[in-house]
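A look at the structure
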Amino acid sequence: MRWGMEPDELARLTAWDKNHAWHPFTQMGDWMDAGHQPLFITGGQGAWLTDHEGRRYLDGNSTIWTNVHGHRHPVLDAALRDQAGKIAHVSALGFSNEPATRLARALVELWPEGTLSRVFFSDDGSTAIECAVKMALQYHQLTGSPGRTRFAAFTNAYHGDTMAAATLGGIGVFADRFRRFGLETRHFEGMAELDAAGEDFSRTVAAVIVEPMVQGSAGMQLWPAGMLTALRRWCDARGVLLICDEVMTGFGRTGRMFACEHEGVVPDFLCIAKGLTGGYMPLAATLTKEKIFEAFLGKYEELKTFFYGHSYTGNPLACAVALASLEVFRREETLTKLPAKIARLTHELSLLKTEFPDKISAVRQCGLIAGIDLMEDVSSGRAHAWEKQTGARVCVAAREAGLLTRPIRDTLVLMPPLCVTEPEITLAVQALAHGIRAVCVSASASASASA
Ligand SMILES: *Cc1c(COP(=O)(O)O)cnc(C)c1O
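Residues numbered from 1 in each chain as written. Predicted model: local features only at pLDDT ≥ 70, side-chain atom pairs only at ≥ 80, totals over all residues. Heavy atoms only, no water.

Things to note about the site of the ligand
- Trp65, Asp124, Gly125, Ser126, Tyr158, His159, Gly160, Glu211, Asp245, Val247, Met248 and Lys274 make up every residue found near the ligand.
- With respect to the ligand, the backbone of glycine 125 contributes an N or O atom lying 2.7 Å from an oxygen atom.
- Within the side chain of lysine 274, a nitrogen or oxygen atom sits 2.7 Å from an oxygen atom of the ligand.
- Surface burial for the ligand is 84%, taken as the share of its 380 Å² of free accessible area covered by protein chains. (Near = heavy atom within 4 Å. Polar contact = N/O pair within 3.5 Å; in protein donor to acceptor, adjacent residues only side chain to side chain. Areas by Shrake-Rupley, 256 points an atom, 1.4 Å probe, with all protein chains shown as cover.)

So this is what it looks like as structure tokens:
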């Protein structure tokens, strides 16, 4: 049994996990329930995962939106091993290391020359945002606009969970408790509302932050075409900096390397993380323009320095894997192969919607990202009671058909690694169909069959 676990070993680990671990975004009371067996993921290969019983599942959400080229990719594995044979970590405070320097250059080269030219490394999406926020505030302080202290963000936005990142967020359950401890942020529905905000507001704004093309944690909500261009114009006309949070959308997810490319927009700060290392290691980066960077230059005693950083900034193991991931994008022509996969996903999603006209109220897709909204009854507009966790139950049922994914409330999410094949995409959508049938249809269907 490959990657399986012996029953007594599983029992011991399950007890330890329930007694000592605290899982993110998880009601631990439910987790510790005697009837709950956590799934231990013991291995992976390509787009597939294996659990403690040796069962295999397609990685339907790219291991929470991180994996790009698949698990155990030989090129990424080799890069990690090679770097481990040299040194695992080097402090970026006062020293450089080859993988981090090469990666900074490679990331800048993904953008038109002279646009984004500086790369500041951190550890995850939230710290990439934190860094952009502090850079924006300090930039305005250093350039004579210390009154720009507020932030503009969008309704239902998600930018991470550290304090500043959380309070930029617009999803109530994640942010409301901490709102008064964080940044002064005003949330807008979209461009119309932002346009309507007067100059009294806009001249106090340091930066606007947006998830370009698609808001992930909001349930894969798509922006109207032209939104990003309009936002760039809004910022330019008012001296406001633009932060694009591509933590989820970066590295091919939307069909282009970066979502900003769909509208030819260059932000003042680009935040990337999840897919940066191909989903192997925590690593993030905040890219910015030379104009911003130069404001921080001066004599030491002028105290213009950006006093910010983390112990693992520019970690060589993570940077080596990130370089290998970019190499795989080139070697395997990952982006060139995407349109056919995206078209297959579109096709399968339309079949799914047709099969469940009364259970699926909407399907949204951007590249290889999909959100599928479930409803109790579409014709009468009745939503599922949220406490019933229908989305979660559908995803659990989809495991029986070989798919592992996680919903956002009653929105099913499909976001396979870019290495997914067309038949695997069909399998993934059919597994969701199986889940919907089992959870949303079979109860009423079997009731009427026995009647
Ligand atoms: C996941 C995510 C973040 C936070 O990244 P972490 O690595 O989890 O801190 C920020 N923004 C977006 C759009 C994300 O999807």
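Here's the deal with the pattern of salt bridges
- With the rule as written, the count across this model stands at 20 salt bridges.
- In this structure, glutamate 9 and arginine 12 form a salt bridge, with 2.5 Å as the shortest nitrogen-oxygen distance. Of this pair, glutamate 9 and arginine 12 both sit in helix H1 (residues 7-20), three residues apart, which is roughly one turn of that helix.
- Using a relative accessible area of 30% as the deciding quantity, one classes glutamate 9 as partly exposed.
- Classification of arginine 12 by relative accessible area gives partly exposed; the value is 40%.
- In this structure, arginine 330 engages glutamate 327 in a salt bridge whose closest nitrogen and oxygen atoms are separated by 3.1 Å. Linking arginine 330 with glutamate 327, this pair stays in helix H13 (residues 316-331), spanning three residues, or about one helical turn.
- Arginine 330 sits in the exposed class, given a relative accessible area of 56%.
- Each of the salt bridges in this network shares a partner with another, and the network as a whole consists of Arg232, Asp236, Asp268 and Lys289. (Salt bridge = Lys/Arg side-chain N within 4 Å of Asp/Glu carboxyl O. Helix = DSSP H or I, 4+ residues; strand = E, 2+ residues; numbered from the N terminus. Buried < 20%, exposed > 50% of the residue type's maximum accessible area, 1.4 Å probe, protein only.)

Limitation: the analysis is restricted to geometry and does not speak to function.
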